[in-house]
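Structural description and commentary
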Amino acid sequence: MDFLQTKFRVPPIRRESIERPRLIDQLDRSLETRLTLISAPAGFGKTTLVAEWLRGLNQPFAWVSLDSDDNAWPRFLASCLTGLQGLHPDFGTGLLGALETTPRPTLPGALTALSEELASLQESVVLVLDDFHVLTDPQVHDLLARLIETLPPEMHLVLSGRADPPWPMARLRAAGSLAEIRAGDLRFTRDETAALLNDKLGLDLSAEDLASLEGRTEGWVAGLHLAALSLRHAPDRHGFIQAFAGSDRFVLDYLMEEVLAQQPPEVESFLLKTSLLDRFNAGLCDHVTRRDDGESMLRRLESANLFVIPLDNERLWFSYHALMGSFLRAVQKQRDPEAAATAHGRASEWYEARGDILDAIQYGLRAGAHDQVVRLIRSNALALVFQGDLPTVITWLHDSDERWPGAGPWLRIAQLWGHAFSGDEAGTVADEVAESRDLIHEGLHAFADGSNPGKVAELEHALAHLLAIEAHLAVMDGRHEQAAQRARAAITALPSTDSTTRRYTYVCLGMALRQMGELEDAVEALAQADAPAGDRDRIPAPARGLGTLAGIQIWMGQLDEAEATCRRLLALHDDHLRRVGRRPPIAAFGFARLSEIFRQRNQRHEALHFAQQSRFLADRWQQLDALYEAYTSLAAALDALGDRTAALTLLHTLEQAVRGRSPWLHTLTLVHEAQLCLAHAHDPDCLDRARAWAEAHPLPADRRPVFQDHALYLAHARLLLKEAQARRDRAQAGLELSRSLVQLLEPTGARGLSMEATLLCAQFEAVLGDPTGAVEHVLDCLREAEPQGYVRLFLDQGPDINLLLARVSAADPCHAYAQSLLQAAATASEPDALPRRGNHPPLREPLSERETEVLRLLATALSSAEIADELCVATSTVRSHTKSIYGKLGVHTRLEAIDLARELGLI
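Here's a quick rundown of the structure. Remember, it's a predicted structure, so these values are computed and weren't measured experimentally.

1. Description of the overall build of the protein
Scanning the protein from terminus to terminus reveals 48 helices and seven strands. Within the protein, the proportion of its 907 residues that are buried is 56%. Taking the intrachain contacts of the protein between residues at least 6 apart in sequence as the baseline, contacts between residues at least 24 apart amount to 70%. For the protein, the exposed area adds up to about 37,600 Å²; of that, 51% sits on carbon and sulfur atoms.

2. Examining the sheet that holds strand 3 (residues 125-130)
Reading across the sheet, the five strands line up as 2-3-4-1-5 and stay open at both edges, with parallel pairing between neighbours. In this open sheet, the two strands that pair with only one neighbour each are strand 2 (61-65) and strand 5 (178-182). Averaged over neighbouring strand pairs, the angle between their axes works out to 15 degrees when direction is ignored. Direction of pairing for strand 2 relative to strand 3: parallel, over a ladder of five bridges. Pairing of W63 across the sheet is with V128, part of strand 3.

3. Re the environment of Q26
Relative to the assigned elements, Q26 resides in helix 2 (residues 21-30). When the C-alpha positions of Q26 and E180 are compared, they lie 9.1 Å apart, and in sequence the two are 154 residues distant. With residues near it in sequence (within four places) discarded, Q26 still touches E180, I181 and D185.

4. As for empty space enclosed by the protein
Applying the stated criterion across every chain, the model contains six cavities of 30 Å³ or more. The wall of the largest cavity is formed by 15 residues, among which C80, L114, L118, L127 and L147 lie closest to the centre. Looking at the lining of the largest cavity, the elements that each hand over two or more residues are helix 4 (73-85), helix 6 (107-119), strand 3, helix 7 (138-149) and strand 4 (155-161). Take the lining of the largest cavity: its biggest share by element is five residues, from helix 4. Taken together, the residues that form the lining of the largest cavity break down as 15 nonpolar, no polar and no charged.

5. Some remarks on the side chain of E192
Considering the arrangement of structural elements, one finds E192 in helix 10 (residues 190-200). Among the residues examined, E192 registers a relative accessible area of 9% and is labelled buried. Within the local environment of E192, its side chain forms a polar contact with the side chain of R22, the two groups lying 2.9 Å apart. Beyond its immediate sequence surroundings of up to four residues, E192 is in contact with I18, R20, R22 and R187.

6. Details of the packing of aromatic side chains
Under the criterion given, the structure shown has 19 aromatic pairs. Taking 5.9 Å as the distance between ring centres and 65 degrees as the angle between the ring planes, the aromatic pair formed by W417 and F421 counts as edge-to-face. Of this pair, W417 and F421 both sit in helix 24 (residues 410-422), four residues apart, which is roughly one turn of the helix. Measuring from ring centre to ring centre gives 6.3 Å for F589 and W621, while their planes differ by 90 degrees; the resulting arrangement is edge-to-face.

7. A word on the pattern of salt bridges
Under the criterion given, the structure shown has 45 salt bridges. Notably, a salt bridge pairs R291 with D293, separated by 2.8 Å at the nearest N-O pair. On the basis of relative accessible area, R291 is assigned to the partly exposed category, the value being 21%. Within the structure, one salt-bridge network assembled from shared partners comprises K7, D67, D70 and R75.

8. Looking at the environment of L186
Examined against the element boundaries, L186 turns out to sit in helix 9 (residues 183-186). According to the relative accessible area criterion, L186 is buried, its value standing at 0%. Residues L186 and P12, 174 residues apart in the sequence, show an inter-C-alpha distance of 19 Å. Excluding residues that lie within four positions of it along the chain, L186 makes contacts with R20, L23, I38, A40, F44, K46, L49, I181, G219 and V221.

9. What to know about the pairing of strand 4
Judged by how many residues are buried, strand 4 sits mostly within the fold: seven of seven residues are covered. Alternating positions in strand 4 separate into two faces, M155, L157, L159 and G161 on one and H156, V158 and S160 on the other, with burial throughout. Note that the unit made of strand 3, helix 7 and strand 4 has a crossover that is right-handed.

10. A few points about the nonpolar core
One finds L197, W417, L782 and F794 to be the most contacted residues of the largest nonpolar core, which totals 251 residues. The leading source of residues in this core is helix 26 (residues 453-477), at twelve residues. Setting aside its immediate chain neighbours within four residues, W417 contacts A381, L382, V385, H465, A468, I469, H472, T501 and Y504. Residues L107, L118, L121 and V140 belong to the second largest nonpolar core, which totals 41 residues.

11. Considering a negative patch on the surface
On the surface, a cluster of negative charge is contributed by E481, E518, E520, D521 and E524. Per-element tally for the negative patch: the top contributor is helix 29 (residues 519-529), with three residues. Tracing the chain through its elements places E518 in the loop between helix 28 (499-515) and helix 29.

12. With respect to helix 40 (residues 751-767)
Compared with an ideal rise of 1.5 Å per residue, which puts 17 residues at 24 Å, helix 40 spans 24 Å between its outermost C-alpha atoms and is within 8% of the ideal. In terms of burial, helix 40 is a largely internal element, 14 of the 17 residues being buried. G769 occupies a position one or two residues after helix 40 and carries a positive phi of about 90 degrees.

13. What about helix 31 (residues 559-580)?
With 22 residues, helix 31 ought to run about 32 Å at 1.5 Å a step, and its terminal C-alpha atoms sit 31 Å apart, in line with that. Among all positions in helix 31, only L559, A562, E563, T565, C566, L569, L570, H573, H576, R579 and V580 are buried. Taken from the residues just after helix 31, G581 is the one with a positive phi, measuring 75 degrees.

14. Concerning the state of the cysteines
Using the criterion set out here, one finds zero disulfides in the structure. Here C566 is not disulfide-linked; the sulfur of C508 is the nearest cysteine sulfur, at 19 Å. For C566, a relative accessible area of 1% puts it in the buried group.

15. What to know about the environment of H710
Structurally, the position occupied by H710 is in helix 38 (residues 710-724). Sequence separation between H710 and S754 is 44 residues; the distance between their C-alpha atoms is 9.9 Å. In contact with H710, other than residues within four places in its own chain, are W555, L741, L745 and L753.

16. Focus on unusual backbone geometry
Notably, D131 is not glycine yet its phi reads approximately 60 degrees, a positive angle. You can see D131 is positioned in the loop between strand 3 and helix 7. The backbone of Q622 sits at a positive phi, close to 65 degrees, despite the residue not being glycine. With respect to the secondary-structure elements, Q622 resides in the loop between helix 33 (604-621) and helix 34 (624-640). Look at Q622 and you get partly exposed, because its relative accessible area is 26%.

The rules behind these values
Residues numbered from 1 in each chain as written. Predicted model: local features only at pLDDT ≥ 70, side-chain atom pairs only at ≥ 80, totals over all residues. Heavy atoms only, no water. Helix = DSSP H or I, 4+ residues; strand = E, 2+ residues; numbered from the N terminus. Buried < 20%, exposed > 50% of the residue type's maximum accessible area, 1.4 Å probe, protein only. Contact = heavy atoms within 4.5 Å. Areas by Shrake-Rupley, 256 points an atom, 1.4 Å probe, with all protein chains shown as cover. Pairing = 2+ DSSP bridges. Axes fitted to C-alpha atoms, helices over the stretch in contact; angles between N-to-C directions. 1 Å grid on protein atoms, 1.4 Å probe; cavity = no way out; pocket = protein on both sides within 12 Å on 5 of 7 lines; lining within 4 Å. Points joined across faces, edges and corners; volume = space filled by probe spheres on them. Nonpolar A, V, L, I, M, F, W, Y, C, P; charged D, E, K, R; others polar. Polar contact = N/O pair within 3.5 Å; in protein donor to acceptor, adjacent residues only side chain to side chain. Phe/Tyr/Trp six-rings, centres within 6.5 Å; stacked < 30°, edge-to-face > 60°. Salt bridge = Lys/Arg side-chain N within 4 Å of Asp/Glu carboxyl O. Right-handed = clockwise from strand over helix to strand, strands pointing away. Core = buried A, V, L, I, M, F, W, Y, C linked by side-chain atoms within 4.5 Å. Patch = residues over 30% accessible without salt bridge, like charges linked within 9 Å, V, L, I, M, F, W, Y side chains within 5 Å. Lys, Arg positive; Asp, Glu negative; His and termini not counted. Charge placed at Lys NZ, Arg CZ, Asp CG, Glu CD. Expected span 1.5 Å × (residues − 1). Disulfide = S-S within 2.5 Å.

See below:
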């Protein structure tokens, strides 16, 4: 009887178990398929969940708890038959008797007999096979796989275990024969964590502590129970939770017995060695473990549900569940205390070879390889600020002053680059550059006797970096002529071996020349930044140069070329992500440019998507120029979608961020805000704000524009246009200003900008009574704009431009294009063209608190893996929540979910 109770009876539900209706509902729906697979690591509550579900199931079921004795097909089949006889005592008696005789039936014969027995069932039956992972015999798996293909409609099979069966799962999914519940579904939500720990176990934890514990356990049910065991006796519960890890004695004992002790030696060795890595792919694993089976081993771990979490959709990069990782590291430290330094040193080598200097230095520090760290900083001072969030990098560099006494000038150079990029201490960076130059000159004077030519070369190299830093600072301050002069001097002084700094200095030169209107020379400088320089410099400077080049191409009205340039930049981004497992923040510029291209073509949702990607990267990086590009592109995209309030709020946030850090970017941000207000000048508040801006930023008395201030003059011209109907003198002044802008912009090749000024000329001429001349200007723009697909160029002018577009003759080749623009303008002005709340039926089911949190993050540029990092959960958990969100919203894609959520006021 004891044997029957444990093997063929549903285990009792623990007193402290909580109800999980979302999963019970999922299991109920799974009955529409042939097979339900519940696959997750140890301790995720698989058995408890199925037991709870069966307790409320309104149809017969049979339960079989599998063990190692079932790992042969006759015994396995006998166990299944015995379990089903608990429902029908005569079921399969003949086949069961044959299995106990000699000779036994063959496997095909037994399968045929079993299929006939199942076909005789007169009612629906659920058969649960628990602990399925203990079955490894190929014949057992073959029997089950073939059985599933022939299951009668009355039979539903539930497999529960720690590993996936070795079957072609994709075929079952495609046929609609498989329902799956995985670790991501089984993880406890914050509400479920509170129900378990506070309601059932009476721990009375605060919301903060519950959130911390959920994050540290990543919703692992056993982890929460184990934490509760320790919490009962912890004098400082909050402190315990903050320190809770895989080294906790209860967690350590559980994972040792239930996970590590069950693994063969080669898997155990791989787990322990790779646990020393924050994230890993097959190549990094091979380099650290000195093996060549990284790829197959990672697939094996994932299939076996050994707490390994994929970090990207391609399943190239992985990490361990937080508690599993800390447990493995604790075991490795106990068994081989010296292993960590060796593994970290190898990881540093691997990352350096792939150009990821930040990780190379971090692992070098862990390895205690200070000489290597000094070398990396000396060779890659600038690369550091390209590869991580600047506040962290700057803090890290300053905290490391005492660790690197032999770094010479390079630690200081790296710190100066960091402050220059972030805009922090803007008033003092220039002074610190000057102080550093004086110190370096003192050093050069000390070696003037030629006693140490190597040291002289190093100090001269550092001086060249200071020139490059000054070029960057001058660009950010709007001192473009000085920036160009400093950049050229730095390029001359920098050694050819310092490719990253040379290439970025060419980018600075290109940015300065761009703002000076010397566009052809700027493109030539950027071509130098894009020149091949080996694998080490695959992403930072080339990406920044491509972002600048795309901006020039947009100014020149070359949207197709600009899009191709951005695609090249994003290819670098994707390559970097695959190689080192992290998104390069400098790709923010490419996403921002793509957003503007799609906005100009009136593909507004795509523009919003790319702008959100840009903002995410820029927010993490905190580089001023990237923040400016990201926020202004996102504001423009939101405004095109009709959300003026959100757009103005973003610009205000940006204005606060750059104030006092970059006068040039601060001025440009205010211009953007004024232009946005002028686009809505029908609103008296917006018009008043634009006028206040104009009073605070008046034009020079002669009103002769210079190229770097063209946006300022365009904004003033638009304000004059808003006032032109009431005052003829404003119209005449506006026409003169617009014509001078065209004369300024045309020779530079900035046709995209000059078309804006030309359309302003056309509208002023119409006000002044020259409709013929006005239409001619519009036709000039139409002829250039049509091949590139411009739409917003005309829509952004406001309704007055429509009168001129309507006058384009039907005989003119541009007539169809003009009509399409009129149609786009009419559609954009209709109320139904913009999202409206209340036009949709209520949600099929309310979103949970965690689903709402995930939905808000889906509206950013975060990938699933990055959302998981943000919430301290597994990527699979995010995917599970996303799937549930899509179902409740009735959508199929991320963009659809975001759009509908905005319409419903959910985000």
